Amino acid sequence: MDDTTAKRLVFAMLDADGDGVISREEYAARAERVALAAGRAEDDPLVVTARTAGRRAWELMDANGDGGVTFDEYAAWAGAEAFDTVCEPVLGALFDVIDTDGDGTLDLPEFTKLRAALGNPVGNIETAFDALDSDGDGRVRRADYIASIRAHITGEGSPMGKALYAEHV
Ligand SMILES: [Ca+2]
Ligand SMILES: [Ca+2]
Ligand SMILES: [Ca+2]
């Protein structure tokens, strides 16, 4: 999978209604859905952190400030640097919201909740989970999760990326 294909898959997931634009509301809804899935209150500090990080990411993606993020805007923006400075805090914050016992790992039910709330297909969820759970202890570590998405976005290839995004073509 090259990085343009990978970005198209991610864009398709972010453009929930498929109108070709990621709206502010579509992007913001992700953090709210994860909070709901985790059973956390709107003013939970981890939810607030995720919401703030998401708002910042969306504003940076909307390069021309017209209130919508097109694929061209997204593709021009997405990459290793944007991932490390902007996406990693968003994904990490969402991970923390769903990690209800705060041990820095997710079990399969938590992982499934997170990915479903983010709008990813969950048909391949066990394959993705097993690919990420490299030591087979039934838990996926935060750093491994983020590194795998980074590899997907930057076109380095990632087993989880394939398993999680492939159904979105
Ligand atoms: Ca849309
Ligand atoms: Ca725009
Ligand atoms: Ca946990």
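- Named according to an unreviewed UniProt entry, the chain is Calcium-binding protein originating from Streptomyces cinnamoneus.

**So, the overall build of the chain**
Here is step 1 of the chain: Scanning the chain from terminus to terminus reveals 9 helices and 4 strands.
Here is step 2 of the chain: Secondary structure of the chain in N-to-C order comes out as α-β-α-α-β-α-α-β-α-α-β-α-α.
Here is step 3 of the chain: Against the compact-globule benchmark of 15 Å for 169 residues, the chain has a radius of gyration of 15 Å, which places it among compact chains.
Here is step 4 of the chain: Burial status across the chain gives 45% buried among its 169 residues.
Here is step 5 of the chain: Looking at the chain alone, contacts between residues at least 24 apart form 62% of all its contacts between residues at least 6 apart.
Here is step 6 of the chain: When the accessible area of the chain is evaluated, it comes to approximately 7,900 Å², of which 52% is carbon and sulfur surface.
Here is step 7 of the chain: With 16 positive and 33 negative side-chain charges, the chain shows a separation of 2 Å between the mean positions of the two kinds.

**Concerning the coordination of the calcium ion (ligand 1)**
Here is step 1 of the chain: Only D15 (OD), D17 (OD), D19 (OD), V21 (O), E26 (OE) and E26 (OE) from the protein coordinate the calcium ion (ligand 1), and they sit 2.2 to 2.5 Å from it.
Here is step 2 of the chain: Within one chain, the residues donating to the calcium ion (ligand 1) are spaced in sequence as D-x1-D-x1-D-x1-V-x4-E.

**Some points on the side chain of D62**
Here is step 1 of the chain: Within the secondary structure layout, D62 lies in the loop between helix 3 (45-61) and strand 2 (68-70).
Here is step 2 of the chain: Comment: no salt bridge for buried D62; closest opposite-charge side chain is R24, at 6.0 Å.
Here is step 3 of the chain: At a separation of 2.8 Å, a polar atom in the side chain of D62 contacts the main-chain amide nitrogen of G67.

What counts as what
Residues numbered from 1 in each chain as written. Chains lettered and ligands numbered in written order. Predicted model: local features only at pLDDT ≥ 70, side-chain atom pairs only at ≥ 80, totals over all residues. Heavy atoms only, no water. Helix = DSSP H or I, 4+ residues; strand = E, 2+ residues; numbered from the N terminus. Rg over C-alpha atoms; globule rule 2.2 N^0.38 Å. Buried < 20%, exposed > 50% of the residue type's maximum accessible area, 1.4 Å probe, protein only. Contact = heavy atoms within 4.5 Å. Areas by Shrake-Rupley, 256 points an atom, 1.4 Å probe, with all protein chains shown as cover. Lys, Arg positive; Asp, Glu negative; His and termini not counted. Charge placed at Lys NZ, Arg CZ, Asp CG, Glu CD. Donors = N, O, S within 2.8 Å, 3.2 Å for Na, K, Ca; no water. Salt bridge = Lys/Arg side-chain N within 4 Å of Asp/Glu carboxyl O. Polar contact = N/O pair within 3.5 Å; in protein donor to acceptor, adjacent residues only side chain to side chain.

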